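What follows is each chain in one-letter form.
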Amino acid sequence: MAREDAIAEVRARLGSDPLASGELRNLVLLRRNLSLSQHRADLELAQRISRRDVPLQIELLRVSAELADLRGVLRHADRLIQTSPNLRAELYKSLGAGLGDPAWRAVLREYENKAWFEAFLVSCLSSAQPRDLAALIVTGGRVLPSGRAIVPQLQVQLVNSGAIDIARNFAVRHGGIPPQSLDTIAISPRTSDPAGVPFTWSFPLLKDRLGLELREGSARFEIETGGGGVLMERVTTLAPGRYAFLQTITEASDPATRVWWQGNCKGPDVPTKAFLKQFMPMRSGTSRYRIIVDIPVGCETQHWRLNVLLAEGLDNAHFAVEALSMERLTVRAKLDR
């Protein structure tokens, strides 16, 4: 009887105000029957008065989900995102939960030109599987214009999850990085392009206390007081074997500055293993270094870091790294004659 009384009360209010969308929605909800499709038809009738009714759109979204109507779910989610900013975070999370389904990704792509879509992609960086997010961005073979803003972050996540081939493909197709630059150690604008991270050089201290001058073939560092940190880093996918790691250090300002290279194997199933830790003495003039590096079997992805530590009491220091290169060494077998 309480339910019937509520229906009668809503009807009475509608009699005096037939266009009260909230009252019509309440009536539809109170009269919900066992037929889900009929219930949705009633809800859609109610939304003819207003599509900005939040409880109505939430119910329509729920019913569409129960009916496995993917386009219906996106249609009502879109309306809620546009009218209810406080619901966006939860809606993005729900939309991102289905990225593993190719059919769901295809429907999502129909909304790629919506103003909210880039914010949705960014939210997926912290909630979705990197492979699934990558698949969404390239559905249909075309990268989303809004997807370019997150490509470097996604590439890092793909590398960390072991999806190296997908990450490299992203760097080439969607970061615009030439394929030959992916494993080229030399410093250049191409191998220092932020769009290619982590397959290009990045400079973690740049925002804090690092002055950087990049030229073709060289990087000149001005390090301000503050201890030390990582000057530059990147990953490569060099084949296992022995290499000669070549470089030249110039313009060193203080011999007490400690600079060293560190190389680690990288991957989700690879135990932390250093294949390189080499200090580079700072000398006046020009110093050329040739370091033999052995990349072990199973170390399919390598993480390179150039570290710096200023001497105690030193306010600043500077030096330049030039002619950085990596040469594969071969062993010639001796023939018995």
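Because the structure is predicted, anything quoted here is derived from the model rather than measured.

## A closer look at the overall build of the chain
Regarding its fold elements, the chain presents eleven helices and nine strands. Buried residues in the chain amount to 44% of all 337 residues. In the chain, the proportion of contacts linking residues at least 24 apart, taken out of those at least 6 apart, comes to 67%.

## Regarding the confidence of the model for the chain
Per-residue confidence for the chain gives a mean pLDDT of 83; residues scoring 70 or more make up 79%. Within the chain, no element has a lower average pLDDT than helix H1 (residues 2-16), which sits at 49, and none a higher one than strand E4 (residues 241-250), at 96. Predicted confidence is poor over residues 12-21, with pLDDT under 50, and the contacts of this stretch with residues over four places away or in other chains come to ten contacts.

## A word on the packing of aromatic side chains
Per the stated rule, a full pass over the model turns up 13 aromatic pairs. Where Trp-116 meets Phe-117, the ring centres are 5.7 Å apart and the plane angle is 45°; that geometry is what we call tilted. Take Phe-117: its relative accessible area is 0%, and that puts it in the buried class. On the basis of an interplanar angle of 50° and a centroid distance of 6.4 Å, the ring pair of Phe-203 and Phe-221 is categorised as tilted. With Phe-203 in the loop between helix H11 (164-173) and strand E1 (210-215) and Phe-221 in strand E2 (residues 218-224), this pair connects stretches of sequence that are 18 residues apart. Exposure class is identical for Phe-203 and Phe-221. Each is buried. Taken together through their ring pairs, the aromatic side chains of Tyr-92, Tyr-111, Trp-116, Phe-117 and Phe-120 make up a single cluster. It is Arg-234 that lies over the ring of Trp-201; its NZ or CZ is 5.5 Å from the centre.

## Notes on the sheet that holds E1
On the basis of which strands lie adjacent, the open sheet formed by five strands has the order E1-E2-E9-E4-E7 and antiparallel pairing. A strand with exactly one partner marks an edge of an open sheet, and here the two such strands are E1 and strand E7 (287-295). In this sheet, neighbouring strand axes are inclined to one another by 25° on average, regardless of whether the strands run parallel or antiparallel. Note: E4 against E7, nine bridges, orientation antiparallel. Its bridge partner being in E7, Phe-245 is matched across the sheet by Ile-291.

## Quick word on helix H6 (residues 88-96)
Each α-helix turn comprises 3.6 residues. Residues three or four places apart therefore point the same way. Here H6 has its buried residues at Leu-91, Tyr-92, Leu-95 and Gly-96. Within H6, the buried residues cover an arc of 130° as seen down the axis, which keeps them to one side. Exposed residues pointing more than 90 degrees away from the buried face of H6 are listed as Ala-89, Glu-90 and Lys-93. Looking at the buried side of H6, the elements it contacts are helix H4 (54-66), helix H5 (70-83), helix H7 (102-108) and helix H8 (117-124).

## A short note on the sheet that holds strand E6 (residues 274-279)
Strands sit in the order E3-E8-E5-E6 across an open sheet of four strands; the sheet is antiparallel. Edge positions in the sheet fall to strand E3 (228-236) and E6, since each has one partner strand and no second. Each adjacent strand pair in this sheet contributes to an overall mean axis angle of 15°, direction not counted. The pairing of strand E5 (residues 258-265) with E6 spans five bridges and is classified as antiparallel. Bridging across to E6, Trp-261 finds its partner in Gln-278.

## Regarding the nonpolar core
Membership of the largest hydrophobic core comes to 42 residues, with the highest contact counts inside it found for Phe-117, Phe-120 and Leu-133. Looking at this core, the elements with two or more residues in it are H5, H6, H7, H8, helix H9 (130-137), helix H10 (151-161) and H11. When residues of this core are assigned to their parent elements, the largest contribution, five residues, is made by H5. Each residue touching Leu-133, except ones within four places of it in the same chain, is listed here: Leu-99, Leu-121, Cys-124, Leu-125, Ile-150 and Leu-154.

## Observations concerning the pairing of E1
Both E1 and E2 contribute to a ladder of six bridges, which runs antiparallel. From the neighbouring strand, Glu-213 faces E2, where its bridge partner is Arg-220.

## Description of the environment of Leu-108
Topologically, Leu-108 is positioned in helix H7. Among the residues examined, Leu-108 registers a relative accessible area of 0% and is labelled buried. Counting along the chain gives twelve residues from Leu-108 to Gly-96, while the straight-line C-alpha distance between them is 9.6 Å.

## Examining the side chain of Glu-59
Positionally, Glu-59 belongs in helix H4. Reaching out from Glu-59, the side chain makes a polar contact with the side chain of Arg-62 at a distance of 2.8 Å.

## Quick look at the packing of H4 against H5
In a packed pair of helices, the relevant descriptors are the angle between the two axes and the axis-to-axis distance. For the pair H4 and H5, the least separation of the axes is 8 Å and the interaxial angle reads 160°. By the criterion of interaxial angle, the relationship of H4 to H5 is roughly antiparallel. Relative to H5, the crossing made by H4 is left-handed. Every residue of H5 that contacts H4 at Val-54, Gln-57, Ile-58, Leu-60, Leu-61, Ser-64 and Ala-65 is listed here: Gly-72, Val-73, His-76, Ala-77, Arg-79 and Leu-80. For the contact of H4 with H5, a count of residues per class yields eight nonpolar, four polar and one charged.

How each quantity is defined
- Residues numbered from 1 in each chain as written.
- Predicted model: local features only at pLDDT ≥ 70, side-chain atom pairs only at ≥ 80, totals over all residues.
- Heavy atoms only, no water.
- Helix = DSSP H or I, 4+ residues; strand = E, 2+ residues; numbered from the N terminus.
- Buried < 20%, exposed > 50% of the residue type's maximum accessible area, 1.4 Å probe, protein only.
- Contact = heavy atoms within 4.5 Å.
- pLDDT = per-residue confidence, 0-100.
- Phe/Tyr/Trp six-rings, centres within 6.5 Å; stacked < 30°, edge-to-face > 60°.
- Lys NZ or Arg CZ within 6 Å of the ring centre and 35° of its normal.
- Pairing = 2+ DSSP bridges.
- Axes fitted to C-alpha atoms, helices over the stretch in contact; angles between N-to-C directions.
- Arc of directions from axis to C-beta.
- Core = buried A, V, L, I, M, F, W, Y, C linked by side-chain atoms within 4.5 Å.
- Polar contact = N/O pair within 3.5 Å; in protein donor to acceptor, adjacent residues only side chain to side chain.
- Parallel < 35°, antiparallel > 145°, perpendicular 65-115°, else oblique.
- Left-handed = near helix turned anticlockwise from the far one by under 90°.
- Nonpolar A, V, L, I, M, F, W, Y, C, P; charged D, E, K, R; others polar.

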